[in-house]
Amino acid sequence: MIRSILDFLRGGRALPVVPQRQKLFFDEAPDHIYAIGDVHGCDDTLGRLEDLIFEDSRKRDGTKWLVMLGDYIDRGPKSASVMDRLTSRPRADIKRICLAGNHEDVMLDFFRNPSADHRWLNFGGLETLYSYGLHKIPSNRQALKNALLSRFPDEHLTFLETLPSLLSVPGYCFVHAGIRDGVVLADQNDADLLWLRPGEDEKDVATSGFVTVHGHTPVGDVEIGTRRINLDTGAFMSGILSAVRLSGRNEPEIIQCG
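Residues numbered from 1 in each chain as written. Predicted model: local features only at pLDDT ≥ 70, side-chain atom pairs only at ≥ 80, totals over all residues. Heavy atoms only, no water.

## With respect to the pairing of strand β3 (residues 64-68)
Judged by how many residues are buried, β3 sits mostly within the fold: five of five residues are covered. One ladder, built from five bridges, connects strand β2 (residues 32-36) with β3; its direction is parallel. Within β3, the position partnered with His-32 by the bridge is Lys-64. Read from β2 through helix α2 (residues 43-57) to β3, the crossover connection turns out right-handed. Crossover connection from β3 via helix α3 (residues 79-86) to parallel strand β4 (residues 95-98): handedness right-handed. (Buried < 20%, exposed > 50% of the residue type's maximum accessible area, 1.4 Å probe, protein only. Helix = DSSP H or I, 4+ residues; strand = E, 2+ residues; numbered from the N terminus. Pairing = 2+ DSSP bridges. Right-handed = clockwise from strand over helix to strand, strands pointing away.)

## With respect to the packing of helix α4 (residues 102-112) against helix α6 (residues 141-151)
The interhelical angle for the contact between α4 and α6, taken along N-to-C directions, is 115 degrees, at an axis separation of 9 Å. On α6, the residues that touch Met-107, Phe-110 and Phe-111 of α4 are Arg-141, Leu-144, Lys-145, Leu-148 and Leu-149. Looking at the contact of α4 with α6 residue by residue, the classes come out as six nonpolar, no polar and two charged. (Axes fitted to C-alpha atoms, helices over the stretch in contact; angles between N-to-C directions. Contact = heavy atoms within 4.5 Å. Nonpolar A, V, L, I, M, F, W, Y, C, P; charged D, E, K, R; others polar.)

## Some thoughts on the packing of α2 against α3
Remark: α2 packs on α3, axes separated minimally by 8 Å, with the N-to-C direction vectors making an angle of 35 degrees. Contact residues: Asp-43, Leu-46, Gly-47 and Glu-50 in α2; Ser-81, Val-82 and Arg-85 in α3. In terms of residue class, the contact of α2 with α3 is made up of two nonpolar, two polar and three charged.

## Overview of the pairing of β2
Among the five residues of β2, five are classified as buried, and the element is accordingly described as predominantly covered. Of the two faces of β2, the one holding His-32, Tyr-34 and Ile-36 and the one holding Ile-33 and Ala-35 are both buried throughout. Where β2 lies against strand β10 (residues 241-246), four bridges are found, and the strand directions are antiparallel. Residue pairing in the sheet places Ile-36 in a bridge with Ala-243 of β10.

## Quick notes on helix α7 (residues 154-162)
The set of residues buried in α7 consists of His-156, Phe-159 and Leu-160. All buried residues of α7 lie within an arc of 95 degrees about the axis, which places them on one face of the element. Across α7 from its buried face, at more than 90 degrees, point the exposed residues Asp-154 and Thr-162. On its buried face, α7 is in contact with α3, β4 and α4. (Arc of directions from axis to C-beta.)

## Structural notes on the packing of aromatic side chains
Applying the stated criterion across every chain yields a total of seven aromatic pairs. Summarising the aromatic geometry, the rings of Phe-110 and Trp-120 are spaced 5.3 Å apart at their centres and angled 40 degrees between planes, so their arrangement reads as tilted. Of this pair, Phe-110 sits in helix α4 while Trp-120 sits in the loop between α4 and α5 (125-131), and the two are ten residues apart along the sequence. Each member of the pair, Phe-110 as well as Trp-120, is classed as buried. Here the aromatic rings of Tyr-132 and Phe-152 are separated by 4.9 Å at their centres, their planes lie at 40 degrees, and the arrangement is tilted. Placement of Tyr-132 in the loop between α5 and α6 and of Phe-152 in the loop between α6 and α7 is noted, with a sequence separation of 20 residues between them. (Phe/Tyr/Trp six-rings, centres within 6.5 Å; stacked < 30°, edge-to-face > 60°.)

## Focus on the sheet that holds β4
If you walk across this open sheet you meet the five strands as β4-β3-β2-β10-β11, and the pairing is mixed. Two strands lie at the open edges of the sheet, namely β4 and β11 (253-257), each paired on one side alone. Pairwise comparison of adjacent strand axes, ignoring direction, gives a mean angle of 20 degrees for this sheet.

## What about the state of the cysteines?
Using the criterion set out here, one finds zero disulfides in the structure. Between Cys-42, a free cysteine, and Cys-257, which holds the nearest cysteine sulfur, the sulfur-to-sulfur gap is 11 Å. Judged by its relative accessible area of 10%, Cys-42 falls in the buried class. There is no disulfide at Cys-173, and the cysteine sulfur nearest it, in Cys-98, is 16 Å away. (Disulfide = S-S within 2.5 Å.)

See the structure below:
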């Protein structure tokens, strides 16, 4: 199923296998982790949510991380601004870790193979082009790639290329989409980590020893279970961007901005 989606976006073509992204494993968790769901170009909302998170973090002692769960670009109006924000230092005493989403991978795939039948523009990419100041879209895809790269900061491209696909700390695993049952984390495939959706028959039973925190599958409100937490509340459609604070043994606390 995941392969068929990728092939569809690539116009049905089989492309060379791209090396797997880095996976991050830590033996100790920070005292507080804030995780944010899919942003999709909603930079104004992200800025307001960051303000709430930074205000909350100043009230808490200990180490703090901010984990971004991917899909920073496409669909919403300000992808370039989101990229500027995420390639700059956070405005607080907090460590920020950004993970890759499937939309970042599709954009990079277009850069590698700007074929006439590539469907990135219909996958939310058109709004991303507008945000980088491209309003006259060349019909030739190679010309479009060159026009975009002429406006695309090097640090934005490096950022996209080096995003890890998984972050693991004791008790939690952070990915964009999901993990494949029965596969150890070190062996998880990026296609699953960036594209997998929860199964309808999935039982909410914590059998893995950790909770998976993810986005990718839009829901009406944050879903918190014993097995996974879904933070994608469809910001570009609903106007609501969601985060969760995970603090040791305390119950997860939802932070939202609309």
